[in-house]
Amino acid sequence: MLGRTPLSAAIRALRAELEGGSRADLGREVRELAELLYRRERREFAPDRDPVEQELLSAFPDAAALVSKEGWVRVSNAAFDTLAATGRAHGLTPLEITRSADLSDAVKRALEGTPRRLDLTLGRHVYLVHIAPLLRGEVLLLMRDVTDARRAEATRRDFVANASHELRTPIAAIRAAAETLLAGAVDDPKTAREFVDIVARHAERLSRLTQDLLDLSRIESRQLRIETTVLDAAPIGRQVVELLAPSAKEKGLALASDIPDGTRIRADARALEQVLVNLVENGIKYTLQGGVTLSAALDGGSAVLTVSDTGPGIDRHHLPRIFERFYRVDPGRAREFGGTGLGLAIVKHLVLAMGGDVGVESGPSGTRFEVRLLAS
Ligand code: ADP
């Protein structure tokens, strides 16, 4: 084997072979070089793109290419070109462009006359690929980027699974309690009360869950109209405090709004109230000592409304996920506190719909949620 022999030795051996000497044993590198030179030539001398075909492919919303009988891309649109590392697919084979043996095989089969459809993952993208043989022996290759659609499908599937799971627990509890009552517990006033209490608690939980699910779906499907106007955040803060003061008092927590009068922001009054209610409710729910405070500050063109508590805080690694639906730091405890796992997802959706953003900071001395909206 030639192995690492310098190129000049390979040339000498090849020349000797052509002049009648023994057959030159060319090394892998030399054969690769020959292949590369052949490819470069093919690319340089590949026929010009047909403007009509080019125009047709450019009209496709997906990555599209015509693959020649010899198996290389003869015409491609801009979306297809971006798949090639060089930004130009012309003259390259699908294997050279994508490094996918599956795609390469499928194109070969299509060149023999068999249409193919396949899912192809390239890096972080998923493509739905259609390969259609054409009459003149070439192949039309279409690649639709379905990454977002597939992700949305997976999210929807997870959501349905999670929602069903959440609904099943209270339903099972109500059913068991009702069966126990029917089996005789109803005749004993003390036991009956216990089981009716279970029914009432879980019915309340079901009602909260369905209400949150409905809210979320209304926001997402834009059935809930969110229209921002200029308004004063101070009275809204006071309303929220008034509404939730009884639950704070019940737990011996302080609750106050320090939002100064005249904090003018662009928001939808109902949406903002719901956002603050959800955040303050969480503060009350998870805080055991101290309390919850609402405040506001201006930051450039934004107004930042803050809900801070003196609770146990949220571990750093949970923070990026707490706005996801049904994400809970401690599922058991959160349910015990009556949480649905949807409160922060609703907050996030509402704030985004108002053109703002929401963030969180947390440490051992408490948690701060910041709602950033346009100031006015
Ligand atoms: P839940 O209905 O369970 O409270 P949320 O979406 O409102 O659901 O909150 C998601 C999770 O984030 C909660 O389960 C809880 O673990 C955590 N969390 C939210 N707010 C706070 C807070 N103020 N202090 C501590 N943990 C919180």
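What counts and how
- Residues numbered from 1 in each chain as written.
- Predicted model: local features only at pLDDT ≥ 70, side-chain atom pairs only at ≥ 80, totals over all residues.
- Heavy atoms only, no water.
- Pairing = 2+ DSSP bridges.
- Helix = DSSP H or I, 4+ residues; strand = E, 2+ residues; numbered from the N terminus.
- Axes fitted to C-alpha atoms, helices over the stretch in contact; angles between N-to-C directions.
- Contact = heavy atoms within 4.5 Å.
- Buried < 20%, exposed > 50% of the residue type's maximum accessible area, 1.4 Å probe, protein only.
- Lys, Arg positive; Asp, Glu negative; His and termini not counted.
- Salt bridge = Lys/Arg side-chain N within 4 Å of Asp/Glu carboxyl O.
- Near = heavy atom within 4 Å.
- Polar contact = N/O pair within 3.5 Å; in protein donor to acceptor, adjacent residues only side chain to side chain.
- Areas by Shrake-Rupley, 256 points an atom, 1.4 Å probe, with all protein chains shown as cover.
- Parallel < 35°, antiparallel > 145°, perpendicular 65-115°, else oblique.
- Left-handed = near helix turned anticlockwise from the far one by under 90°.
- Nonpolar A, V, L, I, M, F, W, Y, C, P; charged D, E, K, R; others polar.

*Asks:* Would you mind going over the sheet that holds strand β7 (residues 254–257) with me for this structure?
*Replies:* By way of backbone hydrogen bonds, the strands of a sheet pair with one another, either parallel or antiparallel. Strand order in the open sheet formed by five strands is β7-β9-β10-β12-β11, with mixed pairing between adjacent strands. Pairing within the sheet leaves two strands with one partner each, and these edge strands are β7 and β11 (357–363). On average, adjacent strands in this sheet sit at an angle of 20 degrees to one another, irrespective of strand direction. Examined bridge by bridge, strand β10 (residues 302–309) and strand β12 (residues 366–374) share eight bridges and lie antiparallel to one another. What sits directly across from S308, in β12, is R368. Docked against the sheet, helix α9 (residues 233–250) engages β7, β9 (291–299) and β10, running at close to 170 degrees with respect to β7.

*Asks:* Please explain the side chain of K285 as it appears in this structure.
*Replies:* Topologically, K285 is positioned in helix α10 (residues 269–286). Although K285 is buried, it makes no salt bridge; E281 carries the closest opposite charge, 6.0 Å away. Setting aside chain neighbours within four positions, we find K285 in contact with K251, F337 and G339.

*Asks:* What is the right way to read the site of the ligand from this model?
*Replies:* Taken together, 19 residues sit near the ligand, with Y286, D309, T340, G341 and L344 positioned nearest. The side chain of D309 places a nitrogen or oxygen atom 2.8 Å from a nitrogen atom of the ligand. For the ligand, an oxygen atom lies 2.8 Å from a polar atom in the backbone of G341. Look at the ligand: alone it shows 530 Å² of surface, and the protein chains cover 96% of it. Among the elements of the structure, α10, α12 (343–353) and β12 are those that each provide at least two residues to the shell around the ligand.

*Asks:* Is there a simple way to think about the packing of helix α8 (residues 189–220) against α12 in this case?
*Replies:* Pairs of packed helices are described in terms of their axes, by the angle between the two and the distance that separates them. At a minimum axis separation of 10 Å, α8 and α12 run at an interaxial angle of 25 degrees. Overall, the two elements α8 and α12 adopt an arrangement that is roughly parallel. In this structure, α8 crosses over α12, and the sense of that crossing is left-handed. Counting all contacts with α8, which are made through D212, D215, L216, I219 and E220, the residues of α12 involved are A345, I346, H349 and L350. Residue composition of the contact of α8 with α12, by class: five nonpolar, one polar and three charged.

*Asks:* Would you mind going over the pairing of strand β1 (residues 63–67) with me for this structure?
*Replies:* Every regular strand shows the same layout, with side chains that alternate between the two sheet faces. Along β1, five of the five residues are buried, which leaves the element largely enclosed by surrounding structure. Residues A63, A65 and V67 of β1 are buried on one face, and the alternating residues A64 and L66, pointing to the opposite face, are buried as well. In this sheet, strand β5 (residues 139–145) lies alongside β1 in antiparallel orientation, the contact comprising five bridges. By the bridge assignment, A63 is partnered in β5 with M143. Here β1 pairs with strand β2 (residues 73–76) via three bridges, running antiparallel. When the sheet's bridge partners are listed, A65 is paired in β2 with S76. Where β1 hands over to β2, the hairpin turn is made up of five residues, of which G71 adopts a positive phi near 95 degrees.

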